[in-house]
Each structure stands twice: as C-alpha cells, then as structure tokens.
There are 2 protein chains.
Amino acid sequence: MKELKLALLGFGNAGQAFGRMLLDKEDEIKKTYGTEVKVTAIATASKGNVYDPEGIDLRAALDDVTASGRFSEKHCLTKLSTMELAEQADYDVLVEMTPLNIFTGQPATDHIRTAFRRGRHAITANKGPIAWYFRELDHMAREAGVCFFYETTVMDGTPVFNLVENTLKMAKVTEVSGILNSTTNYILEGLAMGIDYDVIMERGRSMGFIEADPAMDIEGYDAAAKITALLNVLMDAGITPDQVKRKGIEDITIKDIEEAASRGKVIKLLCQGVRKDDGSVEATVAPVEVPKDDILAGINSTTSIVSITTDLMKKVSVIEHEPEIEQTAYGVFGDLLRVLDRIAGER
Amino acid sequence: MKELKLALLGFGNAGQAFGRMLLDKEDEIKKTYGTEVKVTAIATASKGNVYDPEGIDLRAALDDVTASGRFSEKHCLTKLSTMELAEQADYDVLVEMTPLNIFTGQPATDHIRTAFRRGRHAITANKGPIAWYFRELDHMAREAGVCFFYETTVMDGTPVFNLVENTLKMAKVTEVSGILNSTTNYILEGLAMGIDYDVIMERGRSMGFIEADPAMDIEGYDAAAKITALLNVLMDAGITPDQVKRKGIEDITIKDIEEAASRGKVIKLLCQGVRKDDGSVEATVAPVEVPKDDILAGINSTTSIVSITTDLMKKVSVIEHEPEIEQTAYGVFGDLLRVLDRIAGER
C-alpha cells in the first residue's frame, strides 16, 4: 500500500471536520487509489503541535480536542512551530488552514512557499495566499511540478475553480460576479424583514457564522478578498484586495432598504469583476439594488452564488445552499482527491 | 500531427454551430493536443449525406447549407444511409445529433451501439439514448474501452454530468431536481404576466425555442426524458421516461396562476428524483407552487436550473442563463475535448 503524508496547519472547526471526513473515507480512498493517507503533523495556535513521521492517530487527536481542547501526552507533542513543521516535517501535502490575515495573506503564504521550495504539494483553505500572492505561488508550483489546489477558498467545496478548469475547457472567462459574503447577506435579509439589527447579529452568532467582530464582513473586506481570489485564478487578474473598489453595507439604512422595496428591489452586496478595454481587470464590491424577481434576490441567508461568463458558454451560475462545516471540509477533501488523481496519473 | 476523425450524424442548427466552433478552435486544438480534428462523414435527413475518409471541407459544407440547404456536388456525396455511415465510415468519434424520438430513443441508440461495437467513441447531444438505454450503452462503452459522453443532453454545455464526475468526487447523489423545460417555463411566466397564450406562443416560436407542435413540452414529456437522463447517470436509477410520474402544464389555468400569486407563489414545472427506502429512484414531473422569493421563482424565460444533493456537499445548483445555439454546440465541443484528453492520457 502506497502512502501519502499530510501536514495539517490549523485544526479548527474546518480542520477537525476534514479529519473526520478523512477517517470516514479511509477505506474508500484505499480501495480507489491503493493509497493510505496519513497525517504526520498537526499545527495549532492553542491546542499544541503534534508530529509523528509514522502517522498520528487521527481519531485519538480528534477525541482529545473534543474532550479537552488540547492534544494529550499520548501523542508525539513537539516544540516545533507551525513554520518549523512546514520546513522540517515529513509530508507530501501541506494543508494550509491557519487563520486568515485578510490584509497580508501571511503567514499562510510563507507556509505554502516553504512546501513548494521543498517540492511538496499544497492545498489551501485560506484565501489570503490566493488573494495576495496567487501568481507567484502558481508559478512556484508549476516550476516545482507539484499540485496547488484552493477550491475551498471561495464557497467551500462548491465547484468554482474546478468547474472552470475541468468542465469549461477552452472557454475564456470574461466576467465574474456573485454574492459571496454570508454575514452581510444575512443582515440585509433580516433588516428587509424588519428584524432589529441586534437580534439579527445575535442569531447569526448563535448559528456560528457571524464573527464576534464582524467588521471585516460588514465593510466588505471578506467579499473583496474572495472576488480577488476568483479574478486572480479565473481571469489572471494579478490584483490584490486593496485594489478592489470596495463599499460595504455599513452605510445602508432601514430607509434605503424600504425605499428599494417600494421600487420592487432588494439590496444585496454584490461582487463583480470585468475585463476593461486596456486588458486590466476591474473589481468591485458594493451594495446594489436587484429586482425582487431576479435570481440574486433569492440568494438568502448563508446561501451564496457565483456567476461566470465565458465566451463559449455565456453565463453559468453555481449556488451553494446554506453550507455547514462539512462543506468546507469537503473542499479540502476534494482537493486531496485531485492530488491523488494527479499522482495516480503520473505513475 | 495526429488525426481524430468525426462522423456527424445530424447537421441541424446545433450541428452547424458545432461545425463553426470546430473551425474557430482548430488552431487551439492543434496547439493543445497536437491533433487535427477532421470530419469524415455528415449524415442528414434533408441536406444529403457526405462521406470522405480524407476529411470533408467543413467550411464549404457549412456555406453550402447556409446558401442552399443542401450539400453541393463539390463534396463527396454518398448514397450510404445514416446507419450505413455509422457502420462503415472511417471515424474515431461518432457524434449523435439526429432528431430525438422521445418515445423510443431510436434510431439514435442503434447508431451509438454500432459505434461501440466497432470500438469507436461516441458523443450524443440526443437525450433519447440516455433516457432509454443508458445502462446498456454505458456498459458497452466500458467493455469496449471507449468514451461515451453526453453533457449536452441536459442544459446544453452547462456542466451537470461533468460537474458530478469531475468536481464532486466521492460524493453520492441522493436527490436531483430542476426546472429543465424552457417552453413551459416561458409559457408559465408569460401567463403570470397576463400575456395572452397565443401571443406567448407566437413570441416563443419567433425566438426559435417553441416548437411548431409544443405538445411534447407542454405535457411534460421533454422534462420527463431529461430528469430520467439525469437520474440514470447520476443515481444509477435504471429507469425509462414512461416510469416518471408525469403531469404537464396543460391543465394549469389563469385562475390557478392568479390564486398562487395571491398566496405569494408562482407555478413552475418542477422535475424531481429521490431515492426511496427500497433503493429504487422515484421520478416526478409536475407543476408546483414555489414562494416568490425562492431561487426557483427567479428562473425565468429560457433559463434553467438543476440542483444536485449529495451526502458530502448537500445541495449545489447550476444555472444556465438564456442559452443560444452556441451553448448547445459547446456541450458537444466540450465532450470532444474530453475525448482528446482521454486519448492524450492513454498515450
């Protein structure tokens, strides 16, 4: 049986859900690829770091974290830092799931650079590197002849990047748009229903998708990072999130929403990117009014949509319906399967 | 330069658009695959049949059809019938685009069987074979070690079958639903807007997507064939269109639509398939009332949607926005690229 060793950088809710999915699908992976996937390193900010080149007992690690929030002594605890694990640990695939820094894309980008320098594959669920350093990282991966997959960075495991690469072959992307931020979408929907702002925020927090400090969402930074990632990959835009014309929903009032409703419209925070005549790509995030009978008006709660216009297939849209943490995990899992496919094809 | 020879069975609007796309992308295909794609046979019901094992002048053939509706003497006209060309012509890929017989799937199925018996690849834009004989044809293709692709049969080139196969790996489909018939969708929308039935039909016909005799659409036969095709491929349903619980829009009255509107609903012809407890798959086509703020309510005119629920990714939907004939052509073209990919991978 062949082996594929993973280093998991970050082991929060999504990392743990990915770990459970790996265990659930262990037999199917062995059967399909003749390969045993082992986790050799797990790096976290608060649970400790674990490293065992022979493979960590993933089920026990998950149980530990559930029970106590930390890895217990029965694992090979290590003093190596996250970056030192990226540099020194024995792994074939680095899985980047550390917390996002939306203004720098670091240290996630450095983790991935390290993997590529070592000739290892990388999967990232962290959109920072794709929004800030995509061209460089993509180039490094190609030079090293390794995989670089990042489906999870926009709309979890919903096929967006893979959709274009694997199912819209030879079609050239001319425009991308979408509703990509759940928090603002949920807030706008709640306000339109006449619910008090504080009540909306409390509900969203109790459901787990509104952050303690939602400023990054409300001011459109998260949406800007996502549209940047989409445009960098799908249109070779070569832009960074600070170049996006960004306007959040912070200035939207109940009166704005009511006035839009009186015109048969609803307000949505829309992301858009188009190629300009000079060849550059212009990205925008802004609240826009859409007709109530438009598809976009039906994208509510934590549901999101991305629309991709190409020369050969016109506009095709993909919708992710009210995802949970398993859908994030599947994004990483699907990318892992693509690594396994690639390796199988090379043998 | 390697060669790949195509036999085109059927050369109507979609076939001609596919021919134009082939010419447009000739250089890109040569560059990407090192392969020259040649059309060696074109079979039609009314334009004559052409066969040249060295390759037909496709541009001249298109010009002929545009100018006179028939192939001229400058081509190698042949007395061989469509089936005889399938049996005897020199080709690598049979492209099935003959008119649909929604009640039998023939003679398209026999054309494809013939290709497989000869060890040739087949692409079908005709949904009859997928709705009536999918398991048998899929088995034949696997036994023969050849490609069998059919993306175009539902929602043109919009990735549906390819989406599941290439981007939702290891996810098991548990439910499929959608709005898949443009004619009924356009009629229901028009009636809800208070437009007279005859005016709606006249507009739809002038725009080219309502048939002279729309009974197959209105009574739900077309939708039933499409949901059957989806379920046969995505859920291994092994059903035929006559097993679908089918109800068209023929009995929907203006009063029904108005009453639905008074309850905040719109009527849509919905296709659905779910797996029952006994393991069988139950398929339904019926008019249903959906809330006005639902995504389905926003699927208007010739836009269509399919929603695919899987164990790992919950519900993901794909929308095709107001397709034209080029989007049908792209379905066939994308399948051809997949054949080229497969061949390249085998070398």
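You'll find the structure just up there.
Residues numbered from 1 in each chain as written. Chains lettered and ligands numbered in written order. Predicted model: local features only at pLDDT ≥ 70, side-chain atom pairs only at ≥ 80, totals over all residues. Heavy atoms only, no water.

Enquirer: Break down the packing of aromatic side chains for me, with residues and values.
Expert: Evaluated as defined, the whole model comprises 18 aromatic pairs over all chains. For the pair Phe103(A) and Tyr221(A), a centre-to-centre distance of 5.1 Å together with 75° between the ring planes defines the contact as edge-to-face. Remark: Tyr221(A) occurs in helix H11 (residues 221–234) and Phe103(A) occurs in the loop between strand S4 (93–96) and helix H5 (108–117); sequence separation between them is 118 residues. Accessibility expressed as a relative area gives 22% for Tyr221(A), which makes it partly exposed. Where Phe134(A) meets Tyr150(A), the ring centres are 5.6 Å apart and the plane angle is 85°; that geometry is what we call edge-to-face. A residue pair is termed long-range when its members are at least 10 positions apart, and Phe134(A) in helix H6 (residues 128–144) and Tyr150(A) in the loop between strand S6 (148–149) and helix H7 (161–167) qualify at 16 residues. Counting every residue linked through ring pairs, the aromatic cluster contains Phe116(A), Phe134(A), Phe148(A), Tyr150(A) and Phe161(A). Taking the ring centre of Tyr91(B) as reference, the NZ or CZ of Arg120(B) above it sits at 5.8 Å. (Phe/Tyr/Trp six-rings, centres within 6.5 Å; stacked < 30°, edge-to-face > 60°. Helix = DSSP H or I, 4+ residues; strand = E, 2+ residues; numbered from the N terminus. Buried < 20%, exposed > 50% of the residue type's maximum accessible area, 1.4 Å probe, protein only. Lys NZ or Arg CZ within 6 Å of the ring centre and 35° of its normal.)

Enquirer: With reference to specific residues and values, describe the packing of helix H8 (residues 182–192) of chain B against helix H9 (residues 197–206) of chain B.
Expert: Residue and element names in this part refer to chain B. Here H8 crosses H9 at 140°, and the two axes come no closer than 10 Å. It follows that H8 is oblique to H9 by the angle criterion. Our pair here, H8 against H9, has a crossing hand that is right-handed. Between H8 and H9, the residues in contact are Tyr-186, Ile-187, Gly-190 and Leu-191 and Tyr-197, Ile-200, Met-201, Arg-203 and Gly-204, respectively. (Axes fitted to C-alpha atoms, helices over the stretch in contact; angles between N-to-C directions. Parallel < 35°, antiparallel > 145°, perpendicular 65-115°, else oblique. Left-handed = near helix turned anticlockwise from the far one by under 90°. Contact = heavy atoms within 4.5 Å.)

Enquirer: A description of unusual backbone geometry should follow, citing residues and the corresponding values.
Expert: Look at the link from Gln106(A) to Pro107(A): it is a cis peptide, with omega at 0°. Position of Pro107(A) relative to the elements: it lies in the loop between S4 and H5. Not every positive phi belongs to a glycine, and Asp236(A) is a case in point at roughly 45°. Position of Asp236(A) among the secondary structure elements: in the loop between H11 and strand S8 (245–246). Unlike most non-glycine residues, Met155(B) shows phi in positive territory, near 60°.

Enquirer: Describe the pattern of salt bridges, and please don't skip the residues or the numbers.
Expert: Inspection of every chain in the model, using the stated rule, returns 41 salt bridges over all chains. The salt bridge partner of Lys314(A) is Glu324(B), with a shortest N-O separation of 3.0 Å. Remark: Glu324(B) occurs in the loop between strand S12 (314–320) and helix H13 (325–346) and Lys314(A) occurs in strand S12 (residues 314–320); the pair is interchain, linking two chains. The class of Lys314(A) is partly exposed, set by a relative accessible area of 26%. Connected through shared salt-bridge partners, Lys172(A), Asp311(A), Lys25(B) and Glu28(B) make up one network. (Salt bridge = Lys/Arg side-chain N within 4 Å of Asp/Glu carboxyl O.)

Enquirer: So what's going on with the pairing of strand S2 (residues 35–43) of chain B? Residues and values would help.
Expert: On a regular strand, one side chain projects to one face of the sheet and the next to the other, so that they alternate. Residues and elements named next belong to chain B. Among the nine residues in S2, eight count as buried, and that is most of the element. Summarising the sheet, strand S1 (residues 2–9) and S2 pair through eight bridges and their orientation is parallel. Following the sheet pairing, Lys-2 is matched in S2 by Thr-35. As judged from the two bridges shared by S2 and strand S3 (residues 50–51), these two strands associate in the antiparallel manner. For Ile-42, the partnering residue across the bridge sits in S3 and is Val-50. Where S2 folds back onto S3 in an antiparallel hairpin, the turn is made up of six residues, including Gly-48, whose phi is positive at roughly 95°. (Pairing = 2+ DSSP bridges.)

Enquirer: Please set out H5(A) residue by residue, giving values where relevant.
Expert: Extensive coverage of H5(A) is indicated by the burial of eight of its ten residues. Structurally, H5(A) contributes buried residues whose contacts are with strand S1 (2–9), helix H4 (82–88), S4, strand S5 (121–124), H6 and S6 of chain A.

Enquirer: How would you explain the pairing of strand S11 (residues 304–310) of chain A if you had to name every residue and give the values?
Expert: Residue and element names in this part refer to chain A. Of all seven residues in S11, seven are buried, a share of seventy percent or more. In this structure, strand S7 (residues 173–179) lies alongside S11, joined through six bridges in antiparallel fashion. Bridge assignment links Glu-175 to a residue of S11, and that residue is Thr-309. The pairing of S11 with S12 spans seven bridges and is classified as antiparallel. Paired with Val-306 across the strands is Val-318, a residue of S12.

Nothing here speaks to function; it is geometry throughout.
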